[in-house]
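# A structural walkthrough
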Amino acid sequence: LAGGAFALIGSLCYAELATAYPAEGGDYVYLTRAFGRRMGFLFAWSELWVVRPGSIGAMAFVFADYADRLLASDGRQVVYAAGSVIALTAINVAGVTTGKWTQNVLTATKILGLLIVVMVGFFVAVPAARGADAGEPVAAAPANWGFAMILILYAYGGWNDIAYVGAEVRRPEKNIVRALLLGTAAVTAIYLLINGAFLYALGFRGTQEAEAVAAQVAELRLGVWGARAVSGLVCISALGAINGMVFTGARIYYALGTEHALFAPLGVWSERFSTPLRSLVLQGLITLSVVVGFSQATDSSRSGFEKMVIFGLPLFWLFLLLVGVALFVLRWREPSRRGFFRVPGYPLTPLVFCASSLFMLYSSCKYAYDQRSVEATWAIGLFAVGLAVSCLYAKNGGRVTSK
């Protein structure tokens, strides 16, 4: 519920920004208009080298873990993760229509599969496992809301991605708001239903100790094949998330290329495929480098998913916080620029959004610091390089070129 509330409040803020500035690039556009070209450049740089590869890579490893379990191939996660990035990048290169229909099919399949698991959990499965809760009390771990919200908000990740393709949305004054608000409400309802089904079928202890909770719920009534079908569902769900991030991320770099000479090659729209082809290819290559590179790191105590989270999450929350601040700045600086939607409860609503983002920034930084990981070091280094390049922009009046 807390994750859904955060996503809903954020959606209200994004709905105002996206309808007032319905252009390719989303956050890049808002940050540039509010804080200048230097901030816009730093955001796009961080997305290209850290945030987007980390987010795509995290879901690629989720897909890989379940594909490895489903196919019983024993340890080919890196191959599956890299293959998913390559395949979905190629699909999006082939054209907007292909990428859109791929996303629609994956999303519809995912929702149908989740609803089937809910039905099995509540109405079909025999909840015998819940008897374990009647015995000894389950030992409660120390409360850690910050870490819990880091993982919970991954379930809601992508709620703001509609802003990146604002220029490609038909009737943006209505459809952007619908996508943000109705999409967030639907995801929250499904998330609560699926977790309710887990708890009903397995009990708290059974859910807590399950390694693949959805598969175990299906196995209660549908047997081994039910568990395998749910593992396949998780694979489809992860592929849908990857496809959405690949599709929207490339629009950020396209917007960057149209305004910054250093990245001008990325600002070319392919007439043949009707996609930002170069941005898609570069995004794919960087993500592959991150996935393969970190998977070969000597520290094997963390999963590929954990490494990607540590790598990309702190900068994600930093810029989400700045987008919330940008809403206040743009209302003050451009009062005549009104979208088709205004945030209800202003200024309290965006203040809550900013405070929540600040809490998540602190939590993700603390998590990365506690892990003492090489991934966090790489993220800091790449951000520092981007900061240095943006300072070079300032000295040259924003005229840094590829020469």
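Our subject is the structure listed above.
Summarised in this report is the structure supplied together with it. (Residues numbered from 1 in each chain as written. Predicted model: local features only at pLDDT ≥ 70, side-chain atom pairs only at ≥ 80, totals over all residues. Heavy atoms only, no water.)

## Things to note about the overall build of the chain
For the chain, the helix and strand inventory stands at 12 helices and 0 strands. When the helices and strands of the chain are read in sequence order from the N terminus, they spell out α-α-α-α-α-α-α-α-α-α-α-α. Out of the 403 residues belonging to the chain, those deemed buried represent 50%. Within the chain, contacts between residues at least 6 apart in sequence are counted, and of these 79% link residues at least 24 apart. Carbon and sulfur atoms make up 66% of the accessible area of the chain, which totals about 18,700 Å². (Helix = DSSP H or I, 4+ residues; strand = E, 2+ residues; numbered from the N terminus. Buried < 20%, exposed > 50% of the residue type's maximum accessible area, 1.4 Å probe, protein only. Contact = heavy atoms within 4.5 Å. Areas by Shrake-Rupley, 256 points an atom, 1.4 Å probe, with all protein chains shown as cover.)

## Some words on the packing of aromatic side chains
Summed over all chains, the structure comprises 18 aromatic pairs. On the numbers, 5.4 Å between centres and 70 degrees between planes, the contact of Y156 with Y191 is edge-to-face. With Y156 in the loop between α6 (145-155) and α7 (172-209) and Y191 in helix α7, this pair connects stretches of sequence that are 35 residues apart. Using a relative accessible area of 26% as the deciding quantity, one classes Y191 as partly exposed. Of the aromatic side chains, those joined through ring pairs into one cluster are F6, F316, W317 and F353. We note R69 situated over the ring of Y66; from NZ or CZ to the ring centre the distance is 5.1 Å. When the ring centre of Y346 is taken as reference, the NZ or CZ atom of R331 above it lies at 3.7 Å. (Phe/Tyr/Trp six-rings, centres within 6.5 Å; stacked < 30°, edge-to-face > 60°. Lys NZ or Arg CZ within 6 Å of the ring centre and 35° of its normal.)

## Some remarks on the nonpolar core
One finds Y14, Y28, Y30, W159, I242 and W317 to be the most contacted residues of the largest nonpolar core, which totals 116 residues. Ranked by residues supplied to this core, first place goes to helix α8 (residues 213-259) with 19 residues. Setting aside residues no more than four positions away along its own chain, I242 makes contact with I56, M59, A60, S84 and L88. (Core = buried A, V, L, I, M, F, W, Y, C linked by side-chain atoms within 4.5 Å.)

## Some remarks on the packing of α6 against helix α11 (residues 348-371)
Their axes nearest at 9 Å, the elements α6 and α11 cross at an angle of 100 degrees. The orientation of α6 relative to α11 falls into the category roughly perpendicular. Where α6 abuts α11, its residues W145, G146, F147, M149, I150 and L153 lie against F359, M360, S363, S364 and Y367. Class assignment of the residues belonging to the contact of α6 with α11 gives a composition of 8 nonpolar, 3 polar and no charged. (Axes fitted to C-alpha atoms, helices over the stretch in contact; angles between N-to-C directions. Parallel < 35°, antiparallel > 145°, perpendicular 65-115°, else oblique. Nonpolar A, V, L, I, M, F, W, Y, C, P; charged D, E, K, R; others polar.)

## Comments concerning the layout of surface pockets
Approximately 240 Å³ is the volume attributed to the second largest pocket. Along the walls of the second largest pocket sit 13 residues, with P314, L315, C365, A376 and I380 positioned nearest its centre. Broken down by secondary-structure element, the contributors of at least two residues to the lining of the second largest pocket are α10 (304-333), α11 and α12 (374-395). No other element matches the 5 residues that α10 contributes to the lining of the second largest pocket. When grouped by side-chain class, the residues that make up the lining of the second largest pocket number 13 nonpolar, no polar and no charged. (1 Å grid on protein atoms, 1.4 Å probe; cavity = no way out; pocket = protein on both sides within 12 Å on 5 of 7 lines; lining within 4 Å. Points joined across faces, edges and corners; volume = space filled by probe spheres on them.)

## Examining the pattern of salt bridges
Following the criterion strictly, the structure yields 5 salt bridges and no others. Of the charged contacts in the structure, one is a salt bridge between R52 and E47, with a shortest N-O distance of 3.2 Å. Here E47 falls in the buried class, since its relative accessible area comes to 5%. A salt bridge links K366 to D370, with the shortest nitrogen-to-oxygen separation between them at 3.0 Å. Remark: D370 and K366 occur in helix α11; sequence separation between them is 4 residues, near one turn of the helix. For K366, a relative accessible area of 40% translates into the label partly exposed. (Salt bridge = Lys/Arg side-chain N within 4 Å of Asp/Glu carboxyl O.)

## Description of the environment of N175
Topologically, N175 is positioned in helix α7. Taking the C-alpha atoms as reference points, N175 and A15, separated by 160 residues in sequence, lie 10.0 Å from one another. If near-sequence neighbours (up to four positions away) are discounted, N175 is found in contact with V169 and R170.

## Considerations on the packing of α6 against α10
One way to put it is that α6 packs onto α10 with a least axis distance of 12 Å and a crossing angle of 90 degrees. As far as their axial angle goes, α10 and α6 are roughly perpendicular. Here I150, L151, L153 and Y154 of α6 lie close against α10, whose contacting residues are F305, V309, L313 and W317. For the contact of α6 with α10, the residue count by class is 8 nonpolar, no polar and no charged.

## A word on helix α3 (residues 37-71)
Taking 1.5 Å per residue, 35 residues should reach 51 Å; α3 reaches 48 Å between its end C-alpha atoms and fits that length. Of all the bends in α3, the largest measures some 55 degrees and sits at E47. Buried residues dominate α3, accounting for 28 of its 35 residues. One or two steps after α3, the chain reaches A72, where phi turns positive at roughly 50 degrees. (Expected span 1.5 Å × (residues − 1). Bend = angle between axes of the 7 residues up to and from the residue.)

## Observations regarding a nonpolar patch on the surface
On the surface, I111, L115 and L193 cluster together into a nonpolar patch covering about 220 Å² of accessible area. Mapped onto the secondary structure, I111 falls in helix α5 (residues 96-124). (Patch = residues over 30% accessible without salt bridge, like charges linked within 9 Å, V, L, I, M, F, W, Y side chains within 5 Å.)

## Points about the side chain of D27
Within the fold, D27 resides in helix α2 (residues 27-35). Buried charge without a salt bridge: D27, with R52 as the nearest opposite-charge side chain at an N-O distance of 7.1 Å. Within polar-contact distance, the side chain of D27 engages the side chain of Y14 at 2.9 Å. (Lys, Arg positive; Asp, Glu negative; His and termini not counted. Polar contact = N/O pair within 3.5 Å; in protein donor to acceptor, adjacent residues only side chain to side chain.)

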